[in-house]
Amino acid sequence: MAIPQVDVTRKTPTGRGIIDCDVHNELDSDRDLYPYLSRRWRDHIDAYGIRYYTGSFYPRFMDHRADAWPPSGRRAGSEVAFARDHFLNRYDIACAILNPLTPVGRQPNLELDAALATAVNDWQIAEWLDVEPRLRASMVIPYEDPPRAVEEIKRRGADKRFVQVLFLGRPHEPMGRRKYWPIYEACSTYGLHVASHAFFSAGNPITGAGHASYYIEDHIGPPQAMQANITSMVAEGVFEHFPTLNVVSVENGFGWVPALMWRLDGSWKLLRGEVPHLKRPPSEHIREHLYLSTQPMEEPPRSKPRYFEQLLEHYGYTDRLMFASDYPHWDGDSPEHAVPAYLSDEVKRRIFFENARALYRFT
Amino acid sequence: MIDCDLHNEVPSVQALFPYLPTHWIEHIENTRFKGPIDTYYPPSAPVTARPDCRLPDGRPAGSSLERLRAHVLDPLGIEYGILNCTYAIDSLHNPDQAVALAQAVNDWQVAEWLEAEPRLRASLVVPVQIPALAAQEIDRMGDHPGFVQVLLPARAEHPYGSRLYHPLWEAIARHDLVAGIHFGGAPGNPPTATGWPSFYFEEYAGMAQVFASQVASLVVEGVFELYPTLRVALIESGFTWLPTHMWRCDKEWHNLRRLVPWVKRPPSEYMRAHIRLTIQPLDAPPDVRQLLEVVEQLGSDEMLMYASDYPHQHEADPRERFLRHLPETVTRKIESENARAFYNWEKSMRGGEIRVGTRGGGT
């Protein structure tokens, strides 16, 4: 939904600026990466293109916000100068975290995936982070090839402007699987969080019941995939092994968290014999290690605002929710309207600023 | 009381021989095929049987009608109980074999359960993976007064709203049966949107997400518009995940309904009108007040139906943790009235003579 025009002098909900946990820096075309790719891979892309796990694409409902397209004619989200004026300045964004949704993570050719990851990160540094000091970024990694992903983390991990590594929402295996553990080990070493951003597919149908038909189902689906991922990370003992690791769930909603915690705790009581390494109720790991961005929120019927308060109470804590706009995507949230007006100033301050500040250790 | 989820286990594939054509008896004997035992209930896991339901002679729990009477029907004063046989017909890729075994299971259910116990009703087991063949089996047996439902495993090759299943839905509507989507399924594709998890614990807990995908599919594909009399029961699904899923689906519909213009009303309205859920497992929060809030958030006191899920075991007894905290009028609805209004309990024979026990008949 388009962010409405607002008076730029208006105070932000927090009074201290906003930390936005999901802003997208986009490629106008794959050729934007050519300066950062070797000849070998430029030739490869020229000849064969960038291929994906074919057959799992759901064309989006609409392209990016109409007002977010730069006058140059390049793609919305592809010019830092325009995003700065159009979004960061207008909404007093103190800091925005870039989540580049690129071909990385979706290449059957894992060597190409790794080359693209390196190129995307170099592009992020040169064209975004070096240009605009309010930006931080997710490091893209070829997570389906963990040894190469670890190489990339080592290459760029010391650059503190990378605050986390990025997984797309539906990797080839649930995120707790042992295959991915070298990545979590490297993240722990470098103090990086692990972000999981909604959507896409790495070769599986997008539901646990096969291929859905419509984009609306793709768009309803991220909570189900994220639940599978966080369940897997808890069940495999990731948080027991990497106690400092945090997961940031981006664009997956959060209304599903209480029911998931109840179901997991009940299931664990019944079936803990199968997962003897899991010493504590799953909900405790989720409480400690899972952070969630707000957009898009599960909103109760307008006539029942108290259901939202109940949801927050069932969730049991408000120090893990973080504002995200999803700029410049069509379904983004405006800072003006992202959370219900009746929430207390204290809760709003946490959601718009304090929770992300604490997680990312911004001063 | 009406119990909407009782399990009758096929004790062994040999028990079906009186109902199988000779071709398939020979095939099973030659191949030593044990039958479709890709079960969602590992034989000795805590979920599969309450300790007092295990049979001393090695037959699976739930395979004894005498035990079922003694454990559930008599002590709880059950007026009607619905048998859900979870024999994994859906795991069979050979369509002729799937048809033969589905027919045998249904004939076995008639001869050894329905004709032996007037309080019982049953779900038709069908080769759901080939909807046209499933429809044939529904046409063969759907008018038998004992069958009130068609059993659809939650996991499937495709979400059930898909047009591939129209022959199945037409047959269900033609015979005025309920579609019972039940925990489990063995279609071969992964049970999550992100591949195969390691543990049964994850599949068990994660089934709620598969149900969520199925519900979304049925609504957005317009199944309830096409078949306005259709009723769908979610069995062993849990229900505490549904309110926020309703909110999410309603929100997506507001944004994306132009993609699915046949969906005329908010998804939650279809869900309340056409979908019912059994209350075991409960997946309840520790605080009963929060559980009652979730029930209120469903927006209808007609959606929940009592089920013991005999002989399976879950974390909580819904009578203790839930029903006794409700007003008497609501308890009565959940224990009997909602199911009474939903199912056809006293069907008259419509389709003429029912053919049962066709040993030696066609394949």
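Up top is the structure these notes are about.
Now for a description of the structure that goes with this document.

A few points about the overall build of chain B
Part 1 of the reasoning: When helices and strands are tallied, chain B shows 12 helices and eight strands.
Part 2 of the reasoning: Relative to the globule expectation of 21 Å for 363 residues, the C-alpha radius of gyration of chain B, 20 Å, shows essentially globular dimensions.
Part 3 of the reasoning: Judged by the C-alpha coordinates and their principal axes, chain B covers about 55 × 45 × 45 Å.
Part 4 of the reasoning: Of all 363 residues assigned to chain B, the portion counted as buried reaches 65%.
Part 5 of the reasoning: When contacts within chain B are restricted to residue pairs at least 6 apart in sequence, those whose partners lie at least 24 apart make up 82%.
Part 6 of the reasoning: For chain B, the exposed area adds up to about 12,700 Å²; of that, 51% sits on carbon and sulfur atoms.
Part 7 of the reasoning: Charge separation in chain B, taken as the distance between the mean sites of 33 positive and 46 negative side-chain charges, equals 3 Å.

Observations concerning the overall build of chain A
Part 1 of the reasoning: Regarding its fold elements, chain A presents 12 helices and eight strands.
Part 2 of the reasoning: Its C-alpha atoms put chain A at 55 × 55 × 45 Å along the principal axes.
Part 3 of the reasoning: Expressed as a percentage of its 363 residues, the buried residues of chain A come to 65%.
Part 4 of the reasoning: Contacts in chain A between residues at least 24 apart in sequence constitute 80% of all its contacts with a sequence separation of at least 6.

Quick look at the state of the cysteines
Residue and element names in this part refer to chain A.
Part 1 of the reasoning: Under the criterion given, the structure shown has zero disulfides over all chains.
Part 2 of the reasoning: No disulfide involves C95; its nearest neighbouring cysteine sulfur is the one of C21, lying 8.1 Å away.
Part 3 of the reasoning: Its relative accessible area of 8% is what places C95 among the buried residues.

Focus on the pattern of salt bridges
Part 1 of the reasoning: Within this structure, the stated rule accounts for 54 salt bridges over all chains.
Part 2 of the reasoning: Taking the shortest distance from any N to any O, the salt bridge between B:E337 and B:R332 comes out at 3.4 Å.
Part 3 of the reasoning: Residue classification places B:E337 among the partly exposed positions, given a relative accessible area of 35%.
Part 4 of the reasoning: Taken together, the shared-partner salt bridges in this structure form one network comprising A:E346, A:R349, A:R350, A:E354 and A:R357.

Here we look at the sheet that holds strand β2 (residues 93-98) of chain A
Residue and element names in this part refer to chain A.
Part 1 of the reasoning: Spatially, the eight strands line up as an open sheet ordered β1-β2-β3-β4-β5-β6-β7-β8, and their pairing is parallel. Looking along the sheet, the strands with just one partner apiece sit at the ends: β1 (18-23) and β8 (321-322).
Part 2 of the reasoning: Judged from the four bridges that link them, β1 and β2 form a sheet pairing that is parallel. Residue pairing across strands places D20 opposite A96, the latter belonging to β2.

Topic: the environment of A:Y91
Residues and elements named next belong to chain A.
Part 1 of the reasoning: Among the secondary structure elements, Y91 is positioned in the loop between α2 (80-88) and β2.
Part 2 of the reasoning: The class for Y91 is buried, based on a relative accessible area of 3%.
Part 3 of the reasoning: Residues Y91 and I18, 73 residues apart in the sequence, show an inter-C-alpha distance of 7.8 Å.

As for the nonpolar core
Part 1 of the reasoning: Core analysis: the largest hydrophobic core is formed by 236 residues, its most contacted members being A:Y184, B:W169 and B:F322.
Part 2 of the reasoning: Tallying contributions element by element places helix α6 (residues 200-220) of chain B first for this core, with 14 residues.
Part 3 of the reasoning: Apart from residues lying up to four places away in sequence, B:F322 is in contact with B:F239, B:I279, B:L282, B:L291, B:L292, B:V295, B:L304 and B:I334.
Part 4 of the reasoning: Core analysis: the next-biggest nonpolar cluster, separate from the first, contains 13 residues, B:C4, B:Y80, B:V178 and B:A233 among them.

Side note on the side chain of B:R276
Residues and elements named next belong to chain B.
Part 1 of the reasoning: Residue placement: R276 occurs in strand β7 (residues 275-278).
Part 2 of the reasoning: Although R276 is buried, it makes no salt bridge; E302 carries the closest opposite charge, 4.3 Å away.
Part 3 of the reasoning: For R276, the contacting residues outside a window of four places in its chain are V232, A233, L234, E302, M303, M305 and F342.

The rules behind each value
Residues numbered from 1 in each chain as written. Chains lettered and ligands numbered in written order. Predicted model: local features only at pLDDT ≥ 70, side-chain atom pairs only at ≥ 80, totals over all residues. Heavy atoms only, no water. Helix = DSSP H or I, 4+ residues; strand = E, 2+ residues; numbered from the N terminus. Rg over C-alpha atoms; globule rule 2.2 N^0.38 Å. Buried < 20%, exposed > 50% of the residue type's maximum accessible area, 1.4 Å probe, protein only. Contact = heavy atoms within 4.5 Å. Areas by Shrake-Rupley, 256 points an atom, 1.4 Å probe, with all protein chains shown as cover. Lys, Arg positive; Asp, Glu negative; His and termini not counted. Charge placed at Lys NZ, Arg CZ, Asp CG, Glu CD. Disulfide = S-S within 2.5 Å. Salt bridge = Lys/Arg side-chain N within 4 Å of Asp/Glu carboxyl O. Pairing = 2+ DSSP bridges. Core = buried A, V, L, I, M, F, W, Y, C linked by side-chain atoms within 4.5 Å.

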